[in-house]
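Fold and geometry: a report
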Amino acid sequence: MPYGVVLGDNIAYFIGRRYGRAVVTSSGARFRVTESRYAKVEAVFARYGPLMVITARFGVLLRQLNSLVAGTANMHWLSFLGANAAGAAIWVGFWTILAYNFGHSATILPFIGRHIGLVASVLVTLAFLGMLGGYLRLGRGPKP
């Protein structure tokens, strides 16, 4: 169990619990965080808080901000603690199993090396087409 991570997240939770609301209301407008947007975040955290804490462990920026937001949104501490410990255990288990399995199948590396250019080209093309489609859909907008 990654005890240091859970301890650090709990410290961030209590910082968010103590100072978060004041910081959001005083300087949130600079980051386009209004009272109505903040109320929506609190409502989502009230409904899906533990699930958000567990899944945020797998997102880069979410992992860092998750504890502060949970504290700021007044998520119950025991609920946060359980979800945070579960998320940390799942995260560590996931990467451990992935590394273990990848280590046993290291013979796949030459295959990946030969095909990485093709895979990257396909992914970049799909991303571009997706962004282009979204741009075209936004350009149409609702008709009066």
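Think of each chain on its own: its residues are numbered from 1, step by step along the sequence as written. Where totals are concerned, whole chains, interfaces and linings use all residues; where local detail is concerned, this predicted model gives features only for residues with pLDDT of at least 70, and gives and counts side-chain atom pairs only at 80 or more. Heavy atoms from the whole structure form the basis of all side-chain values; hydrogens and water molecules are not counted.

1. Notes on the overall build of the protein
Secondary structure elements follow DSSP: runs of H or I no shorter than four residues count as helices, runs of E no shorter than two count as strands, and numbering proceeds from the N terminus. Within the protein one finds five helices and zero strands. Beginning at the N terminus, the succession of helices and strands in the protein can be written as α-α-α-α-α. Counting the 144 residues in the protein, one finds 20% classified as buried. In this analysis, two residues are considered to be in contact whenever any of their non-hydrogen atoms come within 4.5 Å of each other. Within the protein, contacts between residues at least 6 apart in sequence are counted, and of these 76% link residues at least 24 apart. Method for areas: the Shrake-Rupley scheme with a 1.4 Å probe, in which residue coverage is limited to the protein chains shown. A total accessible area of about 10,600 Å² is found for the protein, and carbon and sulfur atoms account for 73% of it. Using a 1.4 Å probe on the protein chains alone, a residue whose accessible area is under 20% of its type maximum counts as buried, one over 50% counts as exposed, and one in between counts as partly exposed.

2. As for a nonpolar patch on the surface
For patch building, the residue pool is restricted to those with more than 30% relative accessible area and no salt bridge; the joining distance is 9 Å between like charges and 5 Å between nonpolar side chains (Val, Leu, Ile, Met, Phe, Trp, Tyr). One speaks of a salt bridge when a side-chain nitrogen belonging to Lys or Arg is within 4 Å of a carboxyl oxygen belonging to Asp or Glu. Taken together, the side chains of Leu118, Val119, Val122, Leu123, Leu126, Phe128, Leu129, Met131, Leu132, Tyr135 and Leu136 make up a nonpolar region of the molecular surface, amounting to roughly 1,200 Å² of accessible area. Residue classification places tyrosine 135 among the exposed positions, given a relative accessible area of 62%.

3. A closer look at unusual backbone geometry
Backbone geometry places asparagine 74, a non-glycine residue, at a positive phi of 60 degrees. With respect to the helices and strands, asparagine 74 occurs in the loop between helix 3 (60-72) and helix 4 (77-104). By relative accessible area, asparagine 74 is classed as partly exposed at 45%.

4. A look at the pattern of salt bridges
Enumeration over the complete set of coordinates arrives at one salt bridge. Across the pair aspartate 9 and arginine 57 runs a salt bridge whose closest N-O atoms are separated by 2.7 Å. Placement of the pair is aspartate 9 in helix 1 (residues 3-27) and arginine 57 in the loop between helix 2 (35-56) and helix 3, with a sequence separation of 48 residues. The burial state of aspartate 9 is the same as that of arginine 57; both residues are buried.

5. As for the confidence of the model for the protein
Looking at the protein as a whole, the pLDDT averages 81, with 90% of positions reaching at least 70. Every residue carries a pLDDT, the predictor's confidence in it, which falls somewhere between 0 and 100. Between the elements of the protein, mean pLDDT differs from a low of 79, seen in helix 5 (residues 109-140), to a high of 85, seen in helix 4.

6. A look at the side chain of asparagine 10
Structurally, asparagine 10 is set in helix 1. The contact partners of asparagine 10, leaving out residues within four places of it in the chain, are Trp77, Phe80, Leu81 and Asn84.

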